[in-house]
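If you want the building blocks of each chain, they are given just below.
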Amino acid sequence: MKPIPLPLVLAALFFTCSLPAAVALEGAAAVINSLAQTQTDDKGEAKDSAAARFSIDLKKFSAESSKMKPRAAAQGWMELVKKWAEAGPSRRDSDDGSEAADFDLLVRVVPAPPAWEELHKKASADPTGDSVRDQLLALFAATLVDDEAGKWKAFNSFREQISNASENSGSASLQALSQAMGGQNIKQWANSYVFQLAQAVAKVSDDPGHILGALNIQMEGMEKSERHSGRRINVPDLVTIAGTDKARAFLQAAMERGIQLEVEGAKTCLLAQTIALENIGKLKAPQWNLIKGIDATDMRLYEAMAKQFPDEMESDHSRNLYGDVRNGAWKSFPDEMESDHSRNTAAGYYLLSLIASGRTEEAKDLAIKQAKKGEKDLPHQGMNAMRAAGYGRQLYDFVHALLQQNPDLPLWSDYVTLAAENQKTAEAMELAKAASQRKNLTPAQHAIVLHQLSIAYLAHGSVDEALEVMRGRMTLLKAGKGQEASSDVLSLAVQMAELGNLLKRDQVRDEGIREALAILSKMEVTHGGTALLPLLMETGRPKDALEAVLLMMKPVLRQNGDRQYNVPDLKHELVQLAGIYDQAGRSEDVLIVLEQAPWWGAADLSEIAGTEDYRDIPLGVMAAKSLLAKGDKKKALDVLQATIRRAPSADSAYALLVELQGNEAMAFLDEQFARDRFQERPLIWKALLLLREKKLKEAGEIIRQAIAIDPSDGEMGRGDRMRAYVVLADILEAQGQPEDAKIYRGAVQAVRLSEEADKFQSAGLLSQAVTMYEKALTYFADAYCIQSRLAIQLAKLGDMEKAEEHFRRAFELMPDSFGRMESHCFGCEKVFKGELAETLAEKTFKKLLAENPKKPQIQYLLGYLRMEQERYAEALEHFQKAVELDPDYINAWKKILALASHTAIPSRQRDDATLALLRLDPFGNPNLRDVNDLKRLWTTVETLRKELPDQTIQPVLALDASGRLLAELRKNQGKFEGFNMSGQNDQPQLPPPGEILTQHELIQQTSQILTQFAQFGR
């Protein structure tokens, strides 16, 4: 078999993207003009513009500081701070007129780390004249050099000064606060600043004493608070951090003060539960958030708290506002909705524990009570715990019996799932059918039952029965009022249309389309009809597709039409509009939409070129095709390069670029890979070019390098996934290895068929999907993703014997299917969920580890399994072993950071993980808020900015009308409140180190407080 020529590759990418050029559609210019008439043009009063004097000093220091010696740089920055303090907010404006009063401006231009020690000294020795501001500056400087003692000292000094805010006359900041408040609530405001900083200190500190101290300060602040803002503290894993005795002392003190606790770490949570049980009669506030499972301790705690805090007292507004007077509590201000949610979640866990204990009558009473309060679902984590403990059948039997007696209870969604898991789907269908025929159901209850009945029918291929039920549900929904009811009708109509299309039942498809268009014409929606567009275009209805987009745009223009303030957020709809014209072969209209629509929120196409339409085609590809139709190849190439920089995984952009440039595209592809070595797309297209040049050995090396990055290629969408294997098969064919090539072609064919099966699975047609997954495996049995999806669907259908076979094979294949950048394919995300899957995964991975202890993927998978089992300390050990074996294992580093919210991880290890992610994937948006070693962070960022190729995206195609609107709005920036230019995108660059510092947790809080004090001084 010969390699696929590039023109055919290109054609394959676009075969669904074009309709005959003769398609009659209203022109884009007329459409945009019509939409423009929808938008109102209210005027507002402008505020006075501020001077730009401070901006000049700021810019000058920024340009010169890198050339200064450390002492001079530190001195210069401190002088700049004084100028900032003296200028007043109205004078701290940038030279383009944009308001910029934030202290963040100074953080962004802070000198490099060699000057930080000097700056740290000067922040203490060279005060600015305001004692409160000086302590905040000292805190900022201590944070830069990671001086734990210095941070704590500065924070405490600030706290002591601000705690006497109403009496203090030595600080201009506090005097300004007092004046701004008119002598009212000064201490309340001051306390909120201390609370903000205490939270940040506790989060970034590595010192047990300081963490406990910050938590105690938060607790004390809550006692002083008189604001209705919630009495809740997030408590880290104190047992691991500070030991059991100190953790006990804090937890007990917090509970005695009526503070509700959000606790991390299994050991700390168990200790908190024990303390609550020991002191139940003394609790002044319930601790519902401590109930996180179905074991005996959770059960006892719920029963004790339910007795201590009866439901009628808990729901009484006066109790929420003034605390439990019976217990002598001081005023408390828990958020009422949050408190109700916490109690209801705890009740859900308790209900499950009652079932597990055989106390079904009590569980029944509680379920009915919860349903009356509006609770619709059982807690998923609790249900998973029930399954893992072997109580899945008891849970099904309970819900089945409950719904037999009370079919109006909102438990049908959980019931259908449980029925499938326990091979009781036929029984569930009969119960749902009987429930749907009851006469005393409200329309809302009836609609819910019909929805679940249709799901059950579809799952087993009873399509006609499902459609009859869906029509009945639509009739009920149409009788409802409000946008929610209309949105439900639209979703149901689109589902019917998609079902008809999948099953090639044109009448059903057309019925769904007709209903969807009717509801779109009557309701105020924005994105609801986008799912309909592919069907409308596929069935030759571009006029209806165009009308659907316009119906989604007009409500936004009517509701958000003030041109003085903002740009209506219509980028999503405009991209769909361009896509319709592109698919209809109307290239000139694509350019008209780009140039004449004023609502893009961007001045140039380069800013939004990666935005995709309903076909997943980027806007830049549509524009490039339209420019080619005009004969402007150079501009088309510029647009394609900008598109790839914005959307580096967009195969359609690479295909067109490579077709136009041939081997000249090599340099750009190399540049893209140098920028992100975990993005394999440039390598795939480079290998294709090398194949065309018959450089087979080099092509083979490059394509295997691409495959190694992410063998499963799970992040790619339908039609693009496994593209590397297509190229590899062509290379092997050209090298005279047809049998090897056949294996990879089989893999691709299997994935394409499974992608088609995914459509059926998404539509609810589980039995058809299973048949297709099984057929896909006949082409390539070693695809872990297909084995996983098949196993999951078989388990849903209750065929556990077959599911076990495919789960086991999936787990055996996983280690060789995962690269450093693992990405689960669609449908495989919860492959470890359930007792059967967990047991098989455990046995399989341990066996594989014994056979190959040096394979990092096995350690990773064991860590992944432990995370799913909530055994977080063990998960951390496995992920750490994975990165020891492979320091570039990017996903293992990600998982280490993800565990920080579940178990205490030393700051050094957190920094290692964060900076490893920054090194490996600079543009992957790693969370830099909690890094303690800011010198190391700065150095890493500086090095990366020097090493990475310049990715500045130059303007490629002016969006004329949009640019004019933005220019007009920029003139008003700073003059109007609520200014918004939606849709603007930053350059895809790694920000300068100073910009990154503004994201740090403690620096951000410090900066915000400094800014707020400055604003009070206006």
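Residues numbered from 1 in each chain as written. Predicted model: local features only at pLDDT ≥ 70, side-chain atom pairs only at ≥ 80, totals over all residues. Heavy atoms only, no water.

**A few points about the overall build of the chain**
Phase 1: Helix and strand content of the chain: 51 helices and four strands.
Phase 2: When burial is assessed residue by residue, the chain has 56% of its 1018 residues classed as buried.
Phase 3: Put simply, 70% of the contacts in the chain that link residues at least 6 apart link residues at least 24 apart. (Helix = DSSP H or I, 4+ residues; strand = E, 2+ residues; numbered from the N terminus. Buried < 20%, exposed > 50% of the residue type's maximum accessible area, 1.4 Å probe, protein only. Contact = heavy atoms within 4.5 Å.)

**Side note on the layout of surface pockets**
Phase 1: Taken as a whole, the second largest pocket spans an internal volume of roughly 790 Å³.
Phase 2: Listing elements by their share of the lining of the second largest pocket, those giving two or more residues are α10 (186-204), α11 (208-224), β1 (232-235), α12 (238-242) and α47 (907-920).
Phase 3: Class assignment of the residues belonging to the lining of the second largest pocket gives a composition of 14 nonpolar, nine polar and eight charged. (1 Å grid on protein atoms, 1.4 Å probe; cavity = no way out; pocket = protein on both sides within 12 Å on 5 of 7 lines; lining within 4 Å. Points joined across faces, edges and corners; volume = space filled by probe spheres on them. Nonpolar A, V, L, I, M, F, W, Y, C, P; charged D, E, K, R; others polar.)

**Considering the nonpolar core**
Phase 1: Of all hydrophobic cores here, the largest spans 233 residues; its most connected members are F250, L594, W600 and L605.
Phase 2: Broken down by element, the residue count for this core peaks at 10 residues, all from helix α29 (residues 542-559).
Phase 3: By size, the runner-up hydrophobic cluster in this structure holds 63 residues, among which are I162, W938, I996 and L997. (Core = buried A, V, L, I, M, F, W, Y, C linked by side-chain atoms within 4.5 Å.)

**Here's the deal with empty space enclosed by the protein**
Any empty space left between atoms is shown by rolling a water-sized probe over those atoms.
Phase 1: Overall, the coordinates contain three cavities of 30 Å³ or more when judged by the stated rule.
Phase 2: By volume, the largest cavity amounts to about 60 Å³.
Phase 3: Lining the largest cavity, in full, are E680, R681, I684, A706, I707, D710, P711, D713, M722, A724 and Y725.
Phase 4: Of all the elements in the fold, those that place two or more residues in the lining of the largest cavity are α36 (681-692), α37 (696-709) and α38 (723-734).
Phase 5: Among the residues forming the lining of the largest cavity, the class breakdown is seven nonpolar, no polar and four charged.

**What to know about α29**
Phase 1: Compared with an ideal rise of 1.5 Å per residue, which puts 18 residues at 26 Å, α29 spans 27 Å between its outermost C-alpha atoms and is within 8% of the ideal.
Phase 2: Within the sequence span of α29, burial applies to P542, A545, L546, A548, V549, L550, L551, M552, M553, P555, V556 and L557. (Expected span 1.5 Å × (residues − 1).)

**Structural notes on the packing of helix α44 (residues 856-868) against helix α45 (residues 872-885)**
Phase 1: Where α44 contacts α45, the axes come no closer than 8 Å and their chain directions differ by 160°. Taken together, the axis directions place α44 and α45 in an arrangement best described as roughly antiparallel. For the pair α44 and α45, the sense of crossing is left-handed. Taking contact as the criterion, the partners of P856, Q859, Y860, L862, G863, Y864, R866 and M867 in α44 are, on α45, Y872, E874, A875, H878, F879, K881, A882 and L885.
Phase 2: In the contact of α44 with α45, the residues fall into 10 nonpolar, three polar and three charged. (Axes fitted to C-alpha atoms, helices over the stretch in contact; angles between N-to-C directions. Parallel < 35°, antiparallel > 145°, perpendicular 65-115°, else oblique. Left-handed = near helix turned anticlockwise from the far one by under 90°.)

**Things to note about helix α19 (residues 360-372)**
Phase 1: Between the first and last C-alpha of α19 there are 18 Å, a value that for 13 residues agrees with the 18 Å anticipated at 1.5 Å per step.
Phase 2: Of all the positions in α19, only A363, K364, L366, A367, Q370 and A371 are classed as buried.

**Some remarks on the pattern of salt bridges**
Phase 1: Inspection of the entire model under this criterion finds 41 salt bridges.
Phase 2: Its salt-bridge partner being D582, residue R615 comes within 2.9 Å of it at the nearest N-O pair. Here the residue R615 occupies a position in the loop between α31 (587-596) and α32 (619-629), and D582 occupies one in helix α30 (residues 571-583), the gap between them amounting to 33 residues. Pair check on accessibility: R615 and D582 agree, each one buried.
Phase 3: R936 is the partner of D912 in a salt bridge, and the nearest nitrogen-oxygen pair spans 2.9 Å. Note that D912 is positioned in helix α47 and R936 in helix α48 (residues 934-947), a separation of 24 residues in sequence.
Phase 4: The exposure class of D912 is partly exposed, given its relative accessible area of 24%.
Phase 5: Residue classification places R936 among the partly exposed positions, given a relative accessible area of 27%.
Phase 6: Three or more residues are tied together by salt bridges with common partners; here these are D651, E680, R681, D720 and R723. (Salt bridge = Lys/Arg side-chain N within 4 Å of Asp/Glu carboxyl O.)

**A word on the environment of A597**
Phase 1: Structurally, A597 can be placed in the loop between α31 and α32.
Phase 2: Its relative accessible area of 0% is what places A597 among the buried residues.
Phase 3: Spatially, the C-alpha atom of A597 lies 9.5 Å from that of V31, the residues being 566 residues apart in sequence.

**Description of the side chain of Q679**
Phase 1: With respect to the element layout, Q679 can be found in the loop between α35 (666-675) and α36.
Phase 2: What makes Q679 buried here is its relative accessible area of 8%.
Phase 3: Beyond its immediate sequence surroundings of up to four residues, Q679 is in contact with P648, S649, F673 and E715.

**Describing the packing of α36 against α38**
Phase 1: Contact pair α36 / α38: the axes reach a minimum separation of 10 Å and the direction vectors enclose 25°. Here α36 lies roughly parallel to α38, going by the angle between them. Considering only the axes of α36 and α38, their crossing is left-handed. Seen from α36, the contacting residues are R681, I684, W685, A687, L688 and L691; seen from α38, they are R723, A724, V727, D730, I731 and A734.
Phase 2: Tallied by class, residues from the contact of α36 with α38 come to nine nonpolar, no polar and three charged.

**Looking at the packing of aromatic side chains**
Phase 1: Enumeration over the complete set of coordinates arrives at 12 aromatic pairs.
Phase 2: A network of ring pairs unites the aromatic residues W77, W84, F103 and F140 as a single cluster.
Phase 3: Its end group placed over the ring of Y614, R615 keeps NZ or CZ at 5.5 Å from the ring centre. (Phe/Tyr/Trp six-rings, centres within 6.5 Å; stacked < 30°, edge-to-face > 60°. Lys NZ or Arg CZ within 6 Å of the ring centre and 35° of its normal.)

**Side note on the confidence of the model for the chain**
Phase 1: The predicted model of the chain has a mean per-residue pLDDT of 80, with 80% of residues at 70 or higher.
Phase 2: Helix α17 (residues 317-322) is the least confidently modelled element of the chain, averaging 34 in pLDDT, while α32 averages 96, the highest of any element.
Phase 3: Low pLDDT, under 50, characterises residues 90-100; the predicted model gives this stretch 33 contacts beyond four residues in sequence or across chains.
Phase 4: Throughout residues 974-987 the model reports pLDDT below 50, and contacts reaching past four residues in sequence, or to other chains, amount to 45 contacts. (pLDDT = per-residue confidence, 0-100.)

**Quick word on the environment of T1006**
Phase 1: Positionally, T1006 belongs in helix α51 (residues 1001-1016).
Phase 2: Taking the C-alpha atoms as reference points, T1006 and L136, 870 residues apart in sequence, are found 6.4 Å from one another.
Phase 3: Not counting residues within four places of it along the chain, the set of residues in contact with T1006 comprises L136, L139, F140 and L197.

**Regarding unusual backbone geometry**
With the exception of glycine, the majority of residues adopt a negative phi angle, and the majority of peptide bonds are in the trans configuration.
Phase 1: Even without being glycine, D146 reaches a positive phi, approximately 55°.
Phase 2: When you line up the elements, D146 lands in the loop between α7 (131-144) and α8 (148-162).
Phase 3: In this structure, M722 is a non-glycine residue whose phi angle is positive, near 70°.
Phase 4: Here M722 lies in the loop between α37 and α38.

**Remarks on the environment of P993**
Phase 1: With respect to the helices and strands, P993 occurs in helix α50 (residues 993-997).
Phase 2: For P993, a relative accessible area of 10% puts it in the buried group.
Phase 3: As a C-alpha pair, P993 and K935 span 58 residues in sequence and 9.8 Å in three-dimensional space.
Phase 4: Dropping the residues within four chain positions of it, P993 is found in contact with W938, V941, E942 and R945.

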